[in-house]
Amino acid sequence: MSNRIAVVGLGVLGASVARSLALRGAEVTVFERSAALAGTSGTSFAWTNSHSKNPRSYHDLNVAGLAEHDALASDTAQTWLVRNGNLEWAEDPTGADRLAASVAELTDRDYPVDWITPQRARELVPDLRIPDHVTDIAHYPTEGHVFPALLVSRLWGEARDHGARLRCPATVTGLSETDSGVRIELADGVAEADAVVLAVGRWTEALTASAGHRIPVADPDAAGTATVGMLGYTNPLPTRLDRILTTPRLNVRPDGGGRLIVQGLDLDADADPANPPALDGHHARQLCSRLNDLLDGTGGAHLESLRIGQRAMPADGLTVAGFLGDRGKIYTLCTHSGITLGPLLGRLAAQELLTGDLAEILADFRPQRLIGRTDLPALQPARFAGQQ
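Residues numbered from 1 in each chain as written. Predicted model: local features only at pLDDT ≥ 70, side-chain atom pairs only at ≥ 80, totals over all residues. Heavy atoms only, no water.

With that out of the way, let us pick up the sheet that holds strand E7 (residues 137-140). Read from one edge to the other, the open sheet built from eight strands follows the order E6-E7-E5-E15-E16-E17-E14-E18, with strand pairing classed as mixed. Each edge of the open sheet carries a strand with a single partner, namely strand E6 (114-116) and strand E18 (303-310). Ignoring strand direction, the axes of neighbouring strands in this sheet form an average angle of 25°. Packing against the sheet, helix H3 (residues 93-108) makes contact with strand E5 (86-88), E6 and E7, and its axis sits at approximately 30° to E7. Lying on the sheet, helix H7 (residues 282-294) is in contact with strand E14 (228-234), strand E15 (244-246), strand E16 (251-254), strand E17 (260-263) and E18; it crosses E18 at an angle near 110°. (Pairing = 2+ DSSP bridges. Helix = DSSP H or I, 4+ residues; strand = E, 2+ residues; numbered from the N terminus. Axes fitted to C-alpha atoms, helices over the stretch in contact; angles between N-to-C directions. Contact = heavy atoms within 4.5 Å.)

Laid out in structure tokens, this is it:
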């Protein structure tokens, strides 16, 4: 059994696997180059769901991820998970057909969803403004959102309680398997471990390539693509919202202290990590205007922050979870669904590393399907509610 295990990255995935390994008695060291949540976990809409997750095995994996959140939340007091549901509607006939097909597919999969009236929606969200022509609203009662910093504090705190250590700042520049384990090349030296877990998000391709097993990842710096998106963070507002809204022009969720996170998927076509939008520019004004159209009590809203999120997306859009080679020494986690899947993937990775018992639910997501591939088409960006 591997006992000295290094984890690279301290986002949701890294903290989760560190916790699960430490709970099983492993000697865990986490290497983080700058700070916890410095990657994708810190710029996520953080919606827990299994919408538009195909093929079926990916949908089932995300449903299991939701159940894992529930299990984690049930064993102690928690402040990081809100499961108040999600409301979604369409704006035009094309959108209505698309939404109806999505609801039908989810219903066929026994995923909790029902149709409600605008009156019922306003009972759930009293300040909600619904266009007069909207008569049917999809309600997903078990969905919710996570406060990523609070989730990481829970996971990493329990990992520390069981002996996990953090090396930060510590930039991992390369990996190589040896007869006795894994050699970890650092910007300022070398470390060794019996095994390594990579939870480095959009830096996955570079580090797996250094180990001789390159996993292609969609370019996280390419403007207007599936990997980038804008998130606006408002000032505190006197509006009543306690759940997710995924609407044709704006996605919204609470962010604590009266603040909201807002996202306009069509605006993501202009998202560019090299050229972040101005807080007083066109995109910020659009997000605030759309928010005012959607919720009472948001007059005078402004953005305190407007961030460009860079998503960690394996080149085929699906999760990667498993050993890079056949020696069982380098394990890789990379997914666009890290918030939904984080606690589940952390537990399953620890199980596979420490016992050799492979999880059947991960069978379709092994890295071997991607290693060395160069022929995959570009991923299509999300541009309508429920797609991302």
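Let's shift gears to the pairing of E7. Burial along E7 is two-sided: Ile137 and His139 facing one way and Ala138 and Tyr140 facing the other are all buried. Inspection of the sheet shows E5 paired to E7 by three bridges, in the antiparallel sense. Opposite Glu88, over in E7, you have Ala138 as the bridge partner. Sheet topology note: the E6/E7 ladder contains three bridges and is antiparallel. When the sheet's bridge partners are listed, Asp114 is paired in E7 with His139. (Buried < 20%, exposed > 50% of the residue type's maximum accessible area, 1.4 Å probe, protein only.)

As a further point, take unusual backbone geometry. Glycine aside, a negative phi is what most residues show, and trans is what most peptide bonds show. Here the amide bond leading from Asn54 into Pro55 is cis, since omega sits at 10°, within 30 degrees of zero. Positionally, Pro55 belongs in the loop between strand E3 (47-48) and helix H2 (56-74). Put simply, Cys168 and Pro169 share a cis peptide bond, and its omega is 0°. With respect to the helices and strands, Pro169 occurs in the loop between strand E9 (165-167) and strand E10 (172-177). One non-glycine residue with positive phi stands out, namely Ala46, at about 60°. By the secondary structure assignment, Ala46 is in the loop between strand E2 (27-31) and E3. Ala46 gets classed as buried once you look at its relative accessible area, which sits at 2%. Not every positive phi belongs to a glycine, and Ser52 is a case in point at roughly 50°. By secondary structure assignment, the location of Ser52 is in the loop between E3 and H2. Taking the relative accessible area as the measure of exposure, Ser52 reaches 37% and is therefore partly exposed.

The sheet built from six strands is open, its strands ordered E9-E2-E1-E13-E20-E19 with mixed pairing. Bordering the open sheet on either side are E9 and strand E19 (320-323), each of which pairs with just one other strand. Strand-to-strand twist in this sheet, taken as the mean axis angle between neighbours without regard to direction, amounts to 15°. In this structure, strand E13 (residues 195-198) lies alongside strand E20 (residues 330-334), joined through three bridges in parallel fashion. Across the sheet, Leu198 pairs through a bridge with Thr332, a residue of E20. Contacts from helix H8 (residues 338-355) reach strand E1 (4-8), E13, E19 and E20, with the element oriented near 165° to E20.

By rolling a water-sized probe across the atoms, one finds the places where empty space is left. Volume-wise, the largest pocket comes out at about 900 Å³. As for the largest pocket, its lining consists of 50 residues, and the residues nearest its centre are Gly39, Thr40, Ser41, Gly201 and Ala312. For the lining of the largest pocket, the elements supplying multiple residues, two or more each, are helix H1 (12-23), E10, helix H6 (204-210), E14 and H8. For the lining of the largest pocket, the per-class residue count stands at 23 nonpolar, 22 polar and five charged. (1 Å grid on protein atoms, 1.4 Å probe; cavity = no way out; pocket = protein on both sides within 12 Å on 5 of 7 lines; lining within 4 Å. Points joined across faces, edges and corners; volume = space filled by probe spheres on them. Nonpolar A, V, L, I, M, F, W, Y, C, P; charged D, E, K, R; others polar.)

For the rest of this paragraph, the subject is the nonpolar core. General note: in soluble globular proteins, nonpolar side chains tend to be found buried as a group. In terms of nonpolar packing, the biggest core is built from 47 residues, with Leu21, Val28, Trp156, Val197, Tyr331, Leu333 and Leu362 touching the most fellow members. Apart from residues lying up to four places away in sequence, Leu333 is in contact with Leu13, Val197, Leu198, Ala199, Val200, Thr204, Val320, Ala321, Leu345 and Ala349. Grouped together as the second largest cluster of nonpolar side chains are 31 residues, Ala121, Leu124, Val252 and Ala301 included. (Core = buried A, V, L, I, M, F, W, Y, C linked by side-chain atoms within 4.5 Å.)

It is worth spelling out the packing of H1 against H8 at this point. Packing of H1 against H8 leaves a shortest axis separation of 8 Å and a crossing angle of 35°. Note on packing geometry: the crossing formed by H1 with H8 is right-handed. Listed contacts from H8 to Val12, Leu13, Ser16, Val17, Ser20 and Leu21 of H1 are Gly338, Ile339, Gly342, Pro343, Leu345, Gly346, Arg347, Ala349, Ala350, Leu353 and Leu354. Tallied by class, residues from the contact of H1 with H8 come to eleven nonpolar, five polar and one charged. (Left-handed = near helix turned anticlockwise from the far one by under 90°.)

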